[in-house]
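Structural overview for review
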Amino acid sequence: PHAIRLEGDLTLGGLFPVHARGPAGIPCGPIKKEKGIHRLEAMLYALDRVNGDPRVLPNLTLGARILDTCSRDTYALEQALGFVRRLLPPEGGDGKCPDGSAPRRAPPERLVGVIGASASSVSIMVA
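What counts, and at which threshold
- Residues numbered from 1 in each chain as written.
- Predicted model: local features only at pLDDT ≥ 70, side-chain atom pairs only at ≥ 80, totals over all residues.
- Heavy atoms only, no water.
- Core = buried A, V, L, I, M, F, W, Y, C linked by side-chain atoms within 4.5 Å.
- Buried < 20%, exposed > 50% of the residue type's maximum accessible area, 1.4 Å probe, protein only.
- Helix = DSSP H or I, 4+ residues; strand = E, 2+ residues; numbered from the N terminus.
- Contact = heavy atoms within 4.5 Å.
- Expected span 1.5 Å × (residues − 1).
- Arc of directions from axis to C-beta.
- Pairing = 2+ DSSP bridges.
- Axes fitted to C-alpha atoms, helices over the stretch in contact; angles between N-to-C directions.

Glancing now at the nonpolar core. Within soluble globular proteins, side chains that are nonpolar generally end up buried alongside one another. Counting residues in hydrophobic clusters, the biggest one holds ten residues: L10, L12, F16, V18, L40, M43, L47, L62, A64 and I66. Among the secondary structure elements, those contributing two or more residues to this core are strand 2 (10-16), helix 1 (33-52) and strand 5 (62-68). Those residues within four positions of L40 in sequence are excluded, and the remaining contacts are I4, F16, V18 and I66. Counting seven residues, the second largest nonpolar core, distinct from the first, contains A76, A80, F83 and V122.

Structural data, given as structure tokens:
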């Protein structure tokens, strides 16, 4: 999947149409500079500004997980489910290591909100 991941204490999700809708059978088409890349860059710029000023969020940094919707509602839904999957326990339970101990898993990211999508049809689908 098309994604950007920035580490932080709190994570903001982003859903942007970086690519246009692809032809039948292909989810993503050409890159959308104005309505896709510019919006992505605006979010990254805002995160830079917030994280660069210790007066805004003292002792906290904002991270991001930004996904490409490819201007397609069904593809965006598939991408957005990734936000939720990370909060669910793994399939088959917690599992056991060969020595009988529980496996070490990274804590789930603290997703506190999602910015986007830019089209109403995509927003409705992922809501």
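In this section: helix 2 (residues 73-85). End to end, helix 2 covers 18 Å across 13 residues, agreeing with the expected 18 Å (1.5 Å per residue, within 8%). Listed in full, the buried residues belonging to helix 2 are Y75, A76, Q79, A80, G82 and F83. Down the axis of helix 2, the buried side of the element spans an arc of 130 degrees, and every buried residue falls inside it. Looking at the buried positions of helix 2, the neighbouring elements they touch are strand 2, strand 4 (28-31), strand 5, strand 6 (111-116) and helix 3 (120-126).

As a further point, take helix 1. Within the span of helix 1, buried status applies to G36, L40, M43 and L47. Projected down its long axis, helix 1 carries its buried residues within an arc of 60 degrees, all on one side. Of the exposed residues in helix 1, the ones pointing more than 90 degrees away from its buried face are K33, E34, K35, Y45, D48, R49 and G52. Contacts made by the buried residues of helix 1 are with strand 1 (3-6), strand 2, strand 5 and strand 6.

For the rest of this paragraph, the subject is the sheet that holds strand 1. With mixed pairing, four strands are arranged side by side in an open sheet as 1-5-2-6. Across the chains shown, the open sheet's two edge strands, defined by having one partner strand only, are strand 1 and strand 6. With strand direction ignored, the average angle separating the axes of adjacent strands in the sheet is 15 degrees. The sheet contact formed by strand 2 and strand 6 spans five bridges and is parallel. Its bridge partner lying in strand 6, L15 is registered against G116. Along the sheet, helix 1 makes contact with strand 1, strand 2, strand 5 and strand 6, crossing strand 5 at roughly 175 degrees.

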